[in-house]
Structure formats: structure tokens, C-alpha cells
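Structural characterization, general
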Amino acid sequence: QVQLVESGGGLVQSGGSLRLSCAASGITFSIYDMAWYREAPRKERELVARITKGGGTVYTSSVKGRFAISRDNEKNTMDLQMNSLNPEDTAVYYCNAYLYRVGATSDDYWGQGTQVTVSS
């Protein structure tokens, strides 16, 4: 079965850093686009950063310059290095794997999430 397992969340002070990891199994990792999403209380889930199967990256404006997404296709892992954290970064962070298929149902998998709390 497909599994996406996040780790690295926790409580940090404003201005601190945290590194999240996502370990994938049950998929051919190298052909999937990967992404980090987050969901804060009373807010909709938003894309934080995406890294395509080819290594291209995109970031939401609020984290650009502070966060860095990466992937290791040999270890089937994706990381998110988060620096200069502020309380607005507090949310549950989710790992996502996506595969577009032409003329067929695409794959869209999610992890259970990891809590990131930034104290002021």
C-alpha cells in the first residue's frame, strides 16, 4: 500500500528553524511530483512548496526565501527546510504525492500530517 509519513514537526520559537521530512513507500517515487501543504485552524489548506519530478520548485509567496524544498529519489524522501519561522507558519503540514495520467485517473496521495507550532 501507499504510505507517506511526515516527521520533524514540533514546537519552535519565532525566528527558529525546523526541518520536515516525508518518507514515501508503495510508489515509484521518482515519477511523482511532490509537495508540502499546510492547514491552519479556520483556514483552507494551502500549497507551501512543490518540487516536480524533474526538480523544478515553486513556493507560495509568504515562504519564499525562508523555506527550501528538496527531494532524494534514491531514498524516496522529500524535505522542507524552514527558517525564520513566525507564528503565521503554525499549521499542520502535509506531504503530497501527485502523478498525472493521460486518459486515466491520476494519483493523489496524502500523509497524515505533522504539527508545526511557532511561539511568539
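Our subject is the structure that appears above.
Everything in this summary refers to the structure shown in the same document.

Rules behind the numbers
Residues numbered from 1 in each chain as written. Predicted model: local features only at pLDDT ≥ 70, side-chain atom pairs only at ≥ 80, totals over all residues. Heavy atoms only, no water. Helix = DSSP H or I, 4+ residues; strand = E, 2+ residues; numbered from the N terminus. Rg over C-alpha atoms; globule rule 2.2 N^0.38 Å. Buried < 20%, exposed > 50% of the residue type's maximum accessible area, 1.4 Å probe, protein only. Contact = heavy atoms within 4.5 Å. Areas by Shrake-Rupley, 256 points an atom, 1.4 Å probe, with all protein chains shown as cover. Lys, Arg positive; Asp, Glu negative; His and termini not counted. Charge placed at Lys NZ, Arg CZ, Asp CG, Glu CD. 1 Å grid on protein atoms, 1.4 Å probe; cavity = no way out; pocket = protein on both sides within 12 Å on 5 of 7 lines; lining within 4 Å. Points joined across faces, edges and corners; volume = space filled by probe spheres on them. Nonpolar A, V, L, I, M, F, W, Y, C, P; charged D, E, K, R; others polar. Salt bridge = Lys/Arg side-chain N within 4 Å of Asp/Glu carboxyl O. Polar contact = N/O pair within 3.5 Å; in protein donor to acceptor, adjacent residues only side chain to side chain. Pairing = 2+ DSSP bridges. Axes fitted to C-alpha atoms, helices over the stretch in contact; angles between N-to-C directions.

A look at the overall build of the chain
Along the backbone of the chain there are zero helices and eleven strands. In sequence order, the secondary structure elements of the chain are arranged as β-β-β-β-β-β-β-β-β-β-β. Computed over its C-alpha atoms, the radius of gyration of the chain comes to 14 Å, within 12% of the 14 Å expected for a compact globule of 120 residues. The burial tally for the chain puts 36% of its 120 residues in the buried class. Restricting to contacts in the chain with at least 6 residues of sequence separation, those with at least 24 account for 55%. Split by element, the accessible area of the chain, about 6500 Å² in all, is 46% carbon and sulfur. In the chain, which carries 12 positive and 12 negative side-chain charges, the distance between the mean positions of the two groups comes to 2 Å.

Notes on the layout of surface pockets
Think of a ball as big as a water molecule: rolled over the atoms, this probe shows where empty space is left. The volume enclosed by the largest pocket comes to roughly 180 Å³. If you go around the largest pocket, you meet 13 residues; those closest to its centre are Arg 38, Lys 43, Glu 46, Ser 62 and Glu 88. Residues belonging to the lining of the largest pocket are distributed by class as follows: two nonpolar, three polar and eight charged.

Thoughts on the side chain of Glu 6
Note that Glu 6 resides in strand 1 (residues 3-7). Buried and unpaired, Glu 6 has Arg 45 as its nearest opposite-charge partner, separated by 7.9 Å. Separated by 3.2 Å, the side chain of Glu 6 and the backbone nitrogen of Gln 112 make a polar contact. Of note is the side chain of Glu 6, whose polar atom sits 3.0 Å from the backbone nitrogen of Gly 113.

Looking at the sheet that holds strand 8 (residues 77-82)
The strand order 1-3-8-7 describes an open sheet built from four strands, whose pairing is antiparallel. In this open sheet, the two edge strands, each paired with only one partner strand, are strand 1 and strand 7 (67-72). For this sheet, the mean inter-axis angle between neighbouring strands, taken without regard to orientation, is 15°. With six bridges connecting them, strand 7 and strand 8 associate as antiparallel partners. Residue pairing across strands places Ser 70 opposite Asp 79, the latter belonging to strand 8.

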